[in-house]
Amino acid sequence: MRSSDQVPNSVHRLDGTMALQVRGNHCDLTCAEHPTQSVFEEEGAFWLGQLFLLPVVYRNSSMDAGANCWSVARPLVGNALRQWFSPQTRLTSFGLVTYAFLANWPPEVLQQHVLHLHNGQQQKSHLCGIAPRASMEIPVVTFPLPAHAPRLEFILLGACTPDQWPSVLPLKPYQHQSLLQKVTFSLEMASSAPITGASRGPEQLSREVLPLDTFGPAMSAGLQRWLELLHQRVGIGAHSVLPDPANSDQINVLLVLEDAEVPMTKVTLLRHQLGQAGLSEVLRHLQSLCPSMDSPVDCNLQSTAFTASHSRPPPLR
C-alpha cells in the first residue's frame, strides 16, 4: 500500500480537467453527487471506476427482451463491448435494464453497482466510504404505454482503470458503427423473432442501439430517441413537467398521448442519473416535439413559446 506522501494530490480526467482530490484516505468526490463513479486503492494504485450505458430502443412494447434474450446475447455483446475499451480496462456487465425499472433506482443502488467493479471489494479501501450491502429493495413502478409504442432499455456496464477515468476508445466512425451493428444483430438473433432470410436493413430491425457513453449522457440520448419514436408511432399531443415538491431529485413528466386506450402516461426523470445538463437536454427536446402545458417550464429551463412547428411527423413504416 502506498504511504500517504506517495498519494497524488489530484486525479485528472482524460480531457485534462480535475475530477477529484485525493489526500491520504480521503476523497473529495462525494458519491451523493457522483453516484456512478468510484475510487479504490488496490495494490498501490488508485482504480477509478464508472458506469456506462448502451441505449436500446425497441420499436414496439411487445418485443421480447429481458433475461432470456440477454442470456443468449450476452457472449456476443460482451465481445463487442470489450472492443470499445483499452486492454487494461476491467469491465463488468450488468445486463439489460428497462428504463421503467432504472428510473426507480436511488443513488445508493448505482453506488452498489459501482462497488462490483472492483475485485475483492470487501478487502479494498473504498475512498468514498460506501459499505457493501447484501441486498436492496427496489420498488417497480411502470408507466403505461400502448402496445405499439416503443420501449427503452439500457445495457448497463461498468469499467475501471488505474489512475485515470475509463473512457470509450476514439475509434473511427465506421468502427463504432460496426460494433453497434454487432450488438444490434446479437440482440435480434437472441430474441423470439430472430432475423430470417435475406439480411434486413436498419429500418426493418425491431430495435435500435445507440452509441455507448457514460451514464448520464447515454441516458439522455436514449430518452430523446425514445421520445422521438413515441411521437412518431403514437403521437404526443402535449406534455407537462411536474417537479416533485417532496423530492427535488425527481421530475415527473406527464405525456398526453394520441391513443384512445392509453390517453396519457407519466414518466419519471431523476437528476442524479441524468445530471442537470442531461435533464435540460431531454426536456428541451420534448419541448421541440410537442407543446407544453406549463408556462414557464420549471427545472431551470426557459420557456419556449408554442409554434406551428410542433407538428407530428409522418408515422414510421
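Structure: above.
Keep in mind the model is a prediction, meaning the values are calculated, not measured.

Undergrad: Give me the packing of aromatic side chains: which residues, what numbers.
TA: By convention here, two paired aromatic rings are described through the distance between centres and the angle between planes. The tally for this structure, following the rule as stated, stands at five aromatic pairs. What links up through ring pairs into an aromatic cluster is the set Y99, F143, F154 and W226. Between the NZ or CZ atom of R90 and the centre of the ring of W47, over which it lies, the distance is 4.0 Å. Sitting over the ring of Y58, R151 keeps its end group 4.3 Å from the ring centre.

Undergrad: Could you give me a rundown of unusual backbone geometry, with the residues and numbers involved?
TA: In the Ramachandran plot, D163 falls in the positive-phi region, its phi being about 65° despite a non-glycine side chain. Tracing the chain through its elements places D163 in the loop between β8 (151-162) and α4 (173-190).

Undergrad: Explain the nonpolar core to me, and be specific about the residues and the numbers.
TA: Core analysis: the biggest nonpolar cluster contains 48 residues, and Y99, M219, W226, L230, L255 and L269 have the highest contact counts within it. Sorting elements by how many residues they give to this core places helix α5 (residues 215-233) first, with eight residues. Residues contacting L230, with those up to four places away along its chain left out, are L145, A149, P150, G235, I236, L255 and L257. F85, L96, L179 and L187 belong to the second-largest nonpolar core, a separate cluster that totals 23 residues.

Undergrad: Now, about empty space enclosed by the protein: what can you tell me, with residues and values included?
TA: Under the definition given, this model contains one cavity of 30 Å³ or more. What lines the largest cavity is simply L223, W226, L227, V253, L255, V267, L269, V282, L283 and L286. Contributions of two or more residues to the lining of the largest cavity are made by α5, β12 (247-257), β13 (264-270) and α6 (271-289). Along the lines of polarity and charge, the residues of the lining of the largest cavity split into ten nonpolar, no polar and no charged.

What counts, and where the lines are drawn
Residues numbered from 1 in each chain as written. Predicted model: local features only at pLDDT ≥ 70, side-chain atom pairs only at ≥ 80, totals over all residues. Heavy atoms only, no water. Phe/Tyr/Trp six-rings, centres within 6.5 Å; stacked < 30°, edge-to-face > 60°. Lys NZ or Arg CZ within 6 Å of the ring centre and 35° of its normal. Helix = DSSP H or I, 4+ residues; strand = E, 2+ residues; numbered from the N terminus. Core = buried A, V, L, I, M, F, W, Y, C linked by side-chain atoms within 4.5 Å. Buried < 20%, exposed > 50% of the residue type's maximum accessible area, 1.4 Å probe, protein only. Contact = heavy atoms within 4.5 Å. 1 Å grid on protein atoms, 1.4 Å probe; cavity = no way out; pocket = protein on both sides within 12 Å on 5 of 7 lines; lining within 4 Å. Points joined across faces, edges and corners; volume = space filled by probe spheres on them. Nonpolar A, V, L, I, M, F, W, Y, C, P; charged D, E, K, R; others polar.

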